[in-house]
Amino acid sequence: MNPAQHAAAVAAEAAGFVATVKAADLSAPVPTCPGWTLADLTRHVGSVHRWFTELLRRGVQQPPTSRDVDLRLPEEPAGLPDWLVMSAAEAAEVFAVTDLDAPMWAWGVDQHARFWVRRMLFETLVHRADAELALGISPHIDRALAVDGIDEFLTNLPFASSFAPLTAELRAADRTVRFSCTDGGGDGDGDWLIGLRPDGFALITDEAGSRTADATVRGTAEDLLLLLYGRLDRGSDSFDLVGDQDLLTHWFTHSAF
């Protein structure tokens, strides 16, 4: 997916989120975000939109020293869905006037403005799934979008230790974990190999998928994305787990995002 597709998908995911929560009881708990209600979840998503939009507007070249931003929150929780609509609309306006290929500071690999659009997309998508799960709805994620989300997650995870400190412990003596989609797209995508070294971890290029991994997790792209974000249990029938189970336990214990 390219930056323009990411920008369009942010709008679509925000609309889906709002449609899910608009008529819901915003005091309902969100089991996949312990301690949060739907109101908290909506407030978080809108806050992310406004913060990332401000970063893009400023085109920051160094890590910001403050996260202060005028959220313009509504006075009552009932106003949060409409507030999120406005947050997403403001983001879209900034996307439209920003060179998304322009160099920009980011905490992940891609040091360009487009990083923040892609990151906003998957923040919104995963929390849309949280809202649906809270209301007993089974989330659906388009395969291409899910594949892109898996790639975004695994590419940036090695750089997330500042807010996900357990990732710093994702080390091992040259071990590998593979995530593989069972719903192939016919274009060779949907397979990721992660190498754990004594000094850290990272994706390994294995375009042919020929390297044997020490542990493998197979599932649909949609399910793998939700699994990586901790929204599904790897012990469910949705996944086929092969190889070193202790290594998989190590991975999932320390990869919380």
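Look up: the structure comes first, before these words.
Engineer: Looking at this structure, how should I read the overall build of the protein chain?
Structural biologist: The number of helices and strands found in the protein chain is seven helices and five strands. In the protein chain, the order of α-helices and β-strands from amino to carboxyl end is α-α-α-α-α-β-β-β-β-α-β-α. Relative to the 2.2 N^0.38 estimate, which gives 18 Å for 257 residues, the radius of gyration of the protein chain is 18 Å and therefore close to what a compact globule would have. Dimensions along the principal axes, computed over C-alpha positions, put the protein chain at roughly 55 × 40 × 35 Å. Split into buried and exposed, the 257 residues of the protein chain put 47% on the buried side. At a minimum sequence separation of 6, the contacts of the protein chain that also span at least 24 residues come to 66%. The average position of the 20 basic charges and that of the 38 acidic charges among the side chains of the protein chain differ by 3 Å.

Engineer: Would you mind showing me how to read the sheet that holds strand β4 (residues 215–219) here?
Structural biologist: Strand pairs in the sheet, formed through backbone hydrogen bonds, run parallel or antiparallel to each other. On the basis of which strands lie adjacent, the open sheet formed by five strands has the order β3-β2-β1-β4-β5 and mixed pairing. The open sheet has two edge strands, β3 (200–204) and β5 (240–243), and neither has a second partner. Ignoring strand direction, the axes of neighbouring strands in this sheet form an average angle of 15 degrees. In this fold helix α5 (residues 143–156) packs onto β1 (175–181), β2 (191–197) and β3, with an angle of close to 10 degrees to the strand it touches most, β2.

Engineer: How should the environment of phenylalanine 252 be read in this particular structure?
Structural biologist: Relative to the assigned elements, phenylalanine 252 resides in helix α7 (residues 245–254). Note on phenylalanine 252: relative accessible area 17%, which makes it buried. If we skip the residues at most four places from it in the chain, phenylalanine 252 touches Phe179, Val217, Leu227 and Arg234.

Engineer: Any chance you could explain the packing of helix α1 (residues 3–21) against helix α4 (residues 114–134) here in plain terms?
Structural biologist: Two quantities define a packed helix pair, namely the angle between the axes and the distance from one axis to the other. The geometry of α1 relative to α4 is characterised by a closest axis approach of 8 Å and an angle of 25 degrees between their N-to-C directions. Regarding the angle of α1 to α4, the classification is roughly parallel. Relative to α4, α1 is oriented so that their crossing is left-handed. Across the interface between the two elements, Pro3, His6, Ala7, Ala9, Val10, Glu13, Ala14, Gly16, Phe17, Thr20 and Val21 of α1 pack against Arg114, Val117, Arg118, Met120, Leu121, Thr124, Leu125, His127, Arg128, Ala131 and Glu132 of α4.

Engineer: What is the right way to read the nonpolar core from this model?
Structural biologist: A general tendency of soluble globular proteins is for nonpolar side chains to be buried together. Core analysis: the largest hydrophobic core is formed by 60 residues, its most contacted members being Trp116, Ile150, Leu154, Phe179, Leu196 and Trp251. The dominant element in this core, judged by the number of residues it contributes, is α4, at nine residues. Apart from residues lying up to four places away in sequence, tryptophan 251 is in contact with Leu154, Leu157, Leu170, Phe179, Ile194, Leu196, Phe201 and Leu228. Judged by nonpolar contacts, the second largest core, of 15 residues, contains Leu26, Ala28, Leu80 and Ala131.

Engineer: Mind showing me how you'd approach helix α3 (residues 80–97) here?
Structural biologist: Within an α-helix, residues lying three or four positions from one another point in the same direction, as the helix has 3.6 residues per turn. The end-to-end C-alpha distance of α3, which contains 18 residues, comes to 26 Å, matching closely the 26 Å that a straight helix rising 1.5 Å per residue would cover. Among the residues of α3, Leu80, Pro81, Trp83, Leu84, Ser87, Ala88, Glu90, Ala91, Val94 and Phe95 are the ones counted as buried. Summarising the contacts, the buried residues of α3 are in contact with α1, α2 (38–58) and α4.

Cut-offs applied
- Residues numbered from 1 in each chain as written.
- Predicted model: local features only at pLDDT ≥ 70, side-chain atom pairs only at ≥ 80, totals over all residues.
- Heavy atoms only, no water.
- Helix = DSSP H or I, 4+ residues; strand = E, 2+ residues; numbered from the N terminus.
- Rg over C-alpha atoms; globule rule 2.2 N^0.38 Å.
- Buried < 20%, exposed > 50% of the residue type's maximum accessible area, 1.4 Å probe, protein only.
- Contact = heavy atoms within 4.5 Å.
- Lys, Arg positive; Asp, Glu negative; His and termini not counted.
- Charge placed at Lys NZ, Arg CZ, Asp CG, Glu CD.
- Pairing = 2+ DSSP bridges.
- Axes fitted to C-alpha atoms, helices over the stretch in contact; angles between N-to-C directions.
- Parallel < 35°, antiparallel > 145°, perpendicular 65-115°, else oblique.
- Left-handed = near helix turned anticlockwise from the far one by under 90°.
- Core = buried A, V, L, I, M, F, W, Y, C linked by side-chain atoms within 4.5 Å.
- Expected span 1.5 Å × (residues − 1).

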